[in-house]
Amino acid sequence: MAIDRPGPVRWLYYQYSGRLPEQYRSWVLHDATCRSWMLRVLVRGLVRILPIAALLFFLLGYFGGSWSLAAGSLLLGVLVVVRIALTGSTESVDARTVRHGYSPGYAATVRASRNGE
């Protein structure tokens, strides 16, 4: 059985906490339980801050005058986002699956059964 994947626009909407239509329900579970689920959480966090980071980098570099200061500030911001995304990864994935009709903790149960725990 093939999983119906969302297109780029719906995928981006999903990254910003949007709810996908019912036909993508199995893909949401796959997104939350595949081997690379933690990497997907990290990418989701980085995608969410990308527009803000680009704007701040431009503004700090252009008006602040120091591109190295802008790059350092951007790096620190990205590191904070990475830490927050990875710290709350289990909870954020659980909230996504609940929003798409799965019971709380179901994604963690599926991941544990796939890992043989």
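In what follows, the structure referred to is the one given above.
Student: Lay out the overall build of the protein in plain terms, naming residues and giving numbers.
Tutor: Helix and strand counts for the protein stand at six helices and zero strands. Each helix and strand of the protein, ordered N terminal to C terminal, gives the series α-α-α-α-α-α. Since a compact globule built from 117 residues should have a radius of gyration of about 13 Å, the 17 Å found for the protein marks it as more spread out than a globular shape. Oriented by its inertia axes, the alpha-carbon framework of the protein measures out at about 55 × 30 × 20 Å. The burial tally for the protein puts 28% of its 117 residues in the buried class. Sequence separation of 24 or more characterises 55% of the internal contacts of the protein that already satisfy a separation of 6 or more. Carbon and sulfur atoms make up 67% of the accessible area of the protein, which amounts to about 7500 Å² in all.

Student: I'd love a proper account of helix α2 (residues 25-33), names of residues and values included.
Tutor: Looking at α2, one finds that the buried residues are W27, V28, L29, D31, A32 and T33. Summarising the contacts, the buried residues of α2 are in contact with α1 (8-15), α3 (37-64), α5 (89-99) and α6 (106-114).

Student: For the pattern of salt bridges, give the residues involved together with the corresponding values.
Tutor: Inspection of every chain in the model, using the stated rule, returns three salt bridges. Between E22 and R25 there is a salt bridge, and its shortest N-O distance comes to 3.8 Å. For R44, the salt bridge is made with D31, and the minimal N-O distance between the two is 2.6 Å. Placement of R44 in helix α3 and of D31 in helix α2 is noted, with a sequence separation of 13 residues between them. Taking relative accessible area as the criterion, R44 reaches 5% and is therefore assigned buried. Residue classification places D31 among the buried residues on the basis of a relative accessible area of 5%. Within the structure, one salt-bridge network assembled from shared partners comprises D31, R40 and R44.

Student: Would you mind going over a nonpolar patch on the surface in detail, with residue names and values included?
Tutor: Together, L55, F58, L59, Y62, F63 and W67 make up a nonpolar patch on the protein surface, roughly 690 Å² of accessible area in all. For the nonpolar patch, the leading source of residues is α3, giving five residues. Take Y62: it is sitting in helix α3. Taking the relative accessible area as the measure of exposure, Y62 reaches 53% and is therefore exposed.

Student: Would you mind going over the environment of R35 in detail, with residue names and values included?
Tutor: Tracing the backbone through its elements, the reader meets R35 in the loop between α2 and α3. Through-space distance from the C-alpha of R35 to that of R114 is 9.0 Å; in sequence the pair is 79 residues apart.

Student: Explain α3 to me, and be specific about the residues and the numbers.
Tutor: For α3, spanning 28 residues, the distance from its first C-alpha to its last is 38 Å, which sits close to the expected 40 Å at 1.5 Å a residue. Taken residue by residue, α3 has W37, V41, R44, G45, V47, I49, A53 and G61 as its buried positions. Buried residues along α3 sit against α1, α2, α4 (67-87), α5 and α6. Positioned one or two residues after α3, G65 has a phi angle of 85°, which is positive.

Reading the values: rules and limits
Residues numbered from 1 in each chain as written. Predicted model: local features only at pLDDT ≥ 70, side-chain atom pairs only at ≥ 80, totals over all residues. Heavy atoms only, no water. Helix = DSSP H or I, 4+ residues; strand = E, 2+ residues; numbered from the N terminus. Rg over C-alpha atoms; globule rule 2.2 N^0.38 Å. Buried < 20%, exposed > 50% of the residue type's maximum accessible area, 1.4 Å probe, protein only. Contact = heavy atoms within 4.5 Å. Areas by Shrake-Rupley, 256 points an atom, 1.4 Å probe, with all protein chains shown as cover. Salt bridge = Lys/Arg side-chain N within 4 Å of Asp/Glu carboxyl O. Patch = residues over 30% accessible without salt bridge, like charges linked within 9 Å, V, L, I, M, F, W, Y side chains within 5 Å. Expected span 1.5 Å × (residues − 1).

Keep in mind these values describe shape, not function.
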